[in-house]
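# Reading the structure
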Amino acid sequence: MVPAQQAAAGQALRRGLEELDKRQGWRGPLEHLDAEKQRAFLEASAFTPLDLAGGAWVKAVVTAVDAKEARVNLGKGYTGVIPVANMSWARKPNPKVAGIYAPAIKDAKLVLSPDDLIWVSAAPRKTAVTNAKGRKEQQTVPFDAAEVKKNAPVPLLLQQEPAVQGALASLEPQSGDVVALIGGYQFGDSHFNRATQARRQPGSSFKPVVYSTAMDFGFTPSSIVLDAPFVYVNPYTNEVWRPSNYEHNYKGELPLHQALALSRNTSTVRVAQQVGIANVIQRAKALGLEPSFPQELSVSLGAVAVSPLNLTQAYAAFANQGLGVRPRIITSITDARGRELYRQDEEHWQAVSPQNAYIMATLLKNVVNAGTGARARIEGRFIAGKTGTTNDEHDAWFVGFTPYLVTGVYVGYDQLQSLGRLEQGGRTAAPIFRYYRSVVEELYEPKDFTMPEGIVMSGGFAYRADMPLQGASATDAGTQDGTVVDTSEGGEDLMRQMF
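Figured I'd write up the structure that's included with this text. (Residues numbered from 1 in each chain as written. Predicted model: local features only at pLDDT ≥ 70, side-chain atom pairs only at ≥ 80, totals over all residues. Heavy atoms only, no water.)

So, about the sheet that holds strand S9 (residues 165–171). One open sheet holds the five strands; their spatial order is S10-S9-S21-S20-S19, and the pairing between them is antiparallel. The two strands at the open ends of the sheet, each matched to only one other strand, are strand S10 (178–182) and strand S19 (384–389). Averaged over neighbouring strand pairs, the angle between their axes works out to 5° when direction is ignored. Bridging between strand S20 (residues 395–402) and strand S21 (residues 405–412) involves eight bridges; their strand directions are antiparallel. From the neighbouring strand, alanine 396 faces S21, where its bridge partner is valine 411. The sheet strands contacting helix H8 (residues 354–370) are S19 and S20, and the helix crosses S19 at an angle near 60°. Across the sheet, helix H10 (residues 430–440) lies against S9, S10, S20 and S21, angled at about 145° from S21, the strand it touches most. (Pairing = 2+ DSSP bridges. Helix = DSSP H or I, 4+ residues; strand = E, 2+ residues; numbered from the N terminus. Axes fitted to C-alpha atoms, helices over the stretch in contact; angles between N-to-C directions. Contact = heavy atoms within 4.5 Å.)

It is worth spelling out the pattern of salt bridges at this point. Scanning the entire structure with this criterion turns up 21 salt bridges. Here arginine 200 makes a salt bridge to aspartate 395, at a shortest N to O gap of 2.6 Å. Remark: aspartate 395 occurs in strand S20 and arginine 200 occurs in the loop between S10 and helix H3 (207–215); sequence separation between them is 195 residues. The exposure class of arginine 200 is buried, given its relative accessible area of 13%. Relative accessible area serves as the criterion here: at 3%, aspartate 395 is assigned to the buried category. Between glutamate 441 and arginine 437 there is a salt bridge whose closest N-O contact spans 2.7 Å. (Salt bridge = Lys/Arg side-chain N within 4 Å of Asp/Glu carboxyl O. Buried < 20%, exposed > 50% of the residue type's maximum accessible area, 1.4 Å probe, protein only.)

With that settled, the discussion passes to helix H6 (residues 277–286). Residue pairs three or four apart in sequence face the same way in an α-helix, which turns once every 3.6 residues. Inspection of H6 places Ile277, Val280, Ile281, Arg283 and Ala284 among the buried residues, and these make up the whole buried set. Projected down its long axis, H6 carries its buried residues within an arc of 160°, all on one side. Residues of H6 that are buried in the fold lie against H3, helix H5 (265–275) and H8. In the stretch just after H6, glycine 288 is the one whose phi turns positive, near 105°. (Arc of directions from axis to C-beta.)

Attention now moves to the nonpolar core. Formed by 68 residues in total, the largest nonpolar core has its most connected members in Phe206, Phe219, Leu289, Leu364 and Phe401. If near-sequence neighbours (up to four positions away) are discounted, leucine 289 is found in contact with Phe206, Val209, Ala284, Val306, Asn310, Leu311 and Ala314. In this structure, Tyr185, Tyr413, Ile432 and Tyr444 belong to the second largest nonpolar core, which totals 34 residues. (Core = buried A, V, L, I, M, F, W, Y, C linked by side-chain atoms within 4.5 Å.)

Quick look at the packing of H3 against H6 now. Look at H3 against H6: their axes get within 9 Å of each other, and the N-to-C directions meet at 110°. Between H3 and H6, the crossing angle belongs to the class labelled roughly perpendicular. Seen from above, H3 lies across H6 with right-handed handedness. Facing Val209, Val210, Ser212 and Thr213 of H3, the residues of H6 in contact are Asn279, Val280, Arg283 and Ala284. Its residues placed into classes, the contact of H3 with H6 shows four nonpolar, three polar and one charged. (Parallel < 35°, antiparallel > 145°, perpendicular 65-115°, else oblique. Left-handed = near helix turned anticlockwise from the far one by under 90°. Nonpolar A, V, L, I, M, F, W, Y, C, P; charged D, E, K, R; others polar.)

By secondary structure assignment, the location of asparagine 245 is in the loop between strand S13 (240–241) and strand S14 (252–255). Owing to a relative accessible area of 1%, asparagine 245 belongs among the buried residues under this scheme. A distance of 2.7 Å separates a polar side-chain atom of asparagine 245 from the backbone nitrogen of asparagine 265. (Polar contact = N/O pair within 3.5 Å; in protein donor to acceptor, adjacent residues only side chain to side chain.)

To continue, consider the environment of leucine 171. Relative to the helices and strands, leucine 171 resides in strand S9. When the C-alpha atoms of leucine 171 and serine 298 are compared, they prove to be 29 Å apart, with 127 residues separating the residues in sequence. If near-sequence neighbours (up to four positions away) are discounted, leucine 171 is found in contact with Gly176, Asp177, Val178, Val179, Leu309, Thr312, Gln313, Ala316, Val325, Pro327, Leu405 and Val406.

Turning our eyes to something else, we now look at the pairing of strand S7 (residues 136–141). Two faces belong to every sheet, and in a regular strand the side chains alternate between them. Of the pairings in the sheet, the one linking strand S6 (residues 125–130) to S7 comprises six bridges and is antiparallel in character. Following the sheet pairing, arginine 125 is matched in S7 by valine 141. Adjacent in sequence and paired antiparallel, S6 and S7 are bridged by five residues, among which glycine 134 carries a positive phi angle near 85°.

For the coordinates displayed, the defined rule picks out 10 aromatic pairs. Each ring, one from phenylalanine 398 and one from phenylalanine 433, has its centre 5.0 Å from the other, and the planes form 70°; the classification is edge-to-face. Placement of the pair is phenylalanine 398 in strand S20 and phenylalanine 433 in helix H10, with a sequence separation of 35 residues. For the pair shown, phenylalanine 398 and phenylalanine 433 are each scored as buried. Aromatic pair phenylalanine 401 and phenylalanine 449: ring centres 5.5 Å apart, planes at 75°, arrangement edge-to-face. Here phenylalanine 449 lies in the loop between H10 and strand S22 (455–458) and phenylalanine 401 lies in strand S20, a separation of 48 residues in the sequence. Look at phenylalanine 449 and you get buried, because its relative accessible area is 8%. Among the aromatic residues, ring-to-ring pairing joins Tyr315, Phe318, Phe401 and Phe449 into one connected group. The cationic tip of arginine 15 hangs over the ring face of tyrosine 435; the distance from NZ or CZ to the ring centre is 3.7 Å. Positioned above the aromatic ring of tryptophan 89, the side-chain terminus of lysine 22 is 5.1 Å from the ring centre. (Phe/Tyr/Trp six-rings, centres within 6.5 Å; stacked < 30°, edge-to-face > 60°. Lys NZ or Arg CZ within 6 Å of the ring centre and 35° of its normal.)

Residues Met1, Ile329, Ile330, Ile333, Leu341 and Tyr342 make up a contiguous nonpolar surface patch of roughly 550 Å² in combined accessible area. Relative to the elements of secondary structure, leucine 341 occurs in strand S17 (residues 340–343). Relative accessible area serves as the criterion here: at 60%, leucine 341 is assigned to the exposed category. (Patch = residues over 30% accessible without salt bridge, like charges linked within 9 Å, V, L, I, M, F, W, Y side chains within 5 Å. Areas by Shrake-Rupley, 256 points an atom, 1.4 Å probe, with all protein chains shown as cover.)

To continue, consider helix H1 (residues 3–24). Over its 22 residues, H1 runs 32 Å from end to end, which matches the ideal 32 Å to within 8%, given 1.5 Å per residue. One or two steps after H1, the chain reaches glycine 25, where phi turns positive at roughly 115°. (Expected span 1.5 Å × (residues − 1).)

The subject of this paragraph is the environment of glutamate 36. Along the chain, the position of glutamate 36 falls in helix H2 (residues 35–44). The exposure class of glutamate 36 is exposed, given its relative accessible area of 58%. Sequence-wise, glutamate 36 and valine 61 are 25 residues apart; in three dimensions their C-alpha atoms are separated by 13 Å.

Next comes the structure, spelled out in structure tokens:
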């Protein structure tokens, strides 16, 4: 792993999880201290203003609260103040109310009480400056420990350690070298490495496997696919499965590239049904995905659990002209005498054709440029990728790539529960990707995907030169057993009726 990339990945994941945690609301103070515990805390404090440098958090005791602000004791004679505006996010948690629409807190007494023990960080200072046009404007100045005086309270932000967890894996597709691997919010809190050990359903981030398969079965980016209620009757058990879209609405017939960019579930299921789920599973295995996949249509919507590193590995073939690659965390081990004890060489295989990989790269660039992955965009870089969100917003994913680096981000609780309303892969995981990649992109030259022979371009999308642009279609409104679908009902949550 590369230290600079590892540091950037850790900071990006922590930032994203903290932002999500604030959208979820305030779970309360660390502890409510009685007089004896408060005295012991302050006596043990070794606080200095430098402890707040660089955005670091410290513990503080609330001493007084009114509607406008809370006063805190930092220890060693230093105090702080948290204006209500700096705790505006601290609503009572309610997963049914989207954090982005929750009203801001206007009364600090609804959040804090005297004797609460809380986390705080220094607030940046705003100052008025005159710009080049002679106009005054507000400028944010970072916290400066040298300016802190004991007789003046330090402006602070209320903080809270996230309960939600996540992972980030990043590898170079040419070698398989894992350059960053973050397994959780903070290693000291849990040694469980979610990047390699967690197994969670990837949701829509599995869809590129389906569409890659379709590209080899007559489909093209312009193929017409139907987005409408879908009912599947298992011919062996007679059980019924009704997948729906996240938004619980339907857009009718769409070009395939738009159905993928907008992550339409019912379109994907129809494509998977037409090409055959066995072929989709075969493609998943060719890309390096490790799980045992049942022969069920629900697989097409990511109903089989994978690790973040394994899913990231699967996208590497799209980044590197169809070549699958084995991840390398350790390349070699030598003893004190220089004898090599272990070595892992680069391992590649032709997972998909170069043409298939290039078609998928152009389709997945469209997901970022005009679809659900918009928050992963980085100016001047050719980012492709796919979002993923599982049932009831339990897990959020984004896997993105360029020709030189593939990065997967996963966010979710260790014990299944909702991340909150509207916390999808595009809102929750894609920004973490962007925070990380915005830092490390400078380590690589900007590079677009290499177009292989046998490809023609039309409307910004890639097509095989030996196939008609229109391609096959998936517009059948019937069920697997041929009966007509009643489109007047539907909309159950995704994979609610698994079998």
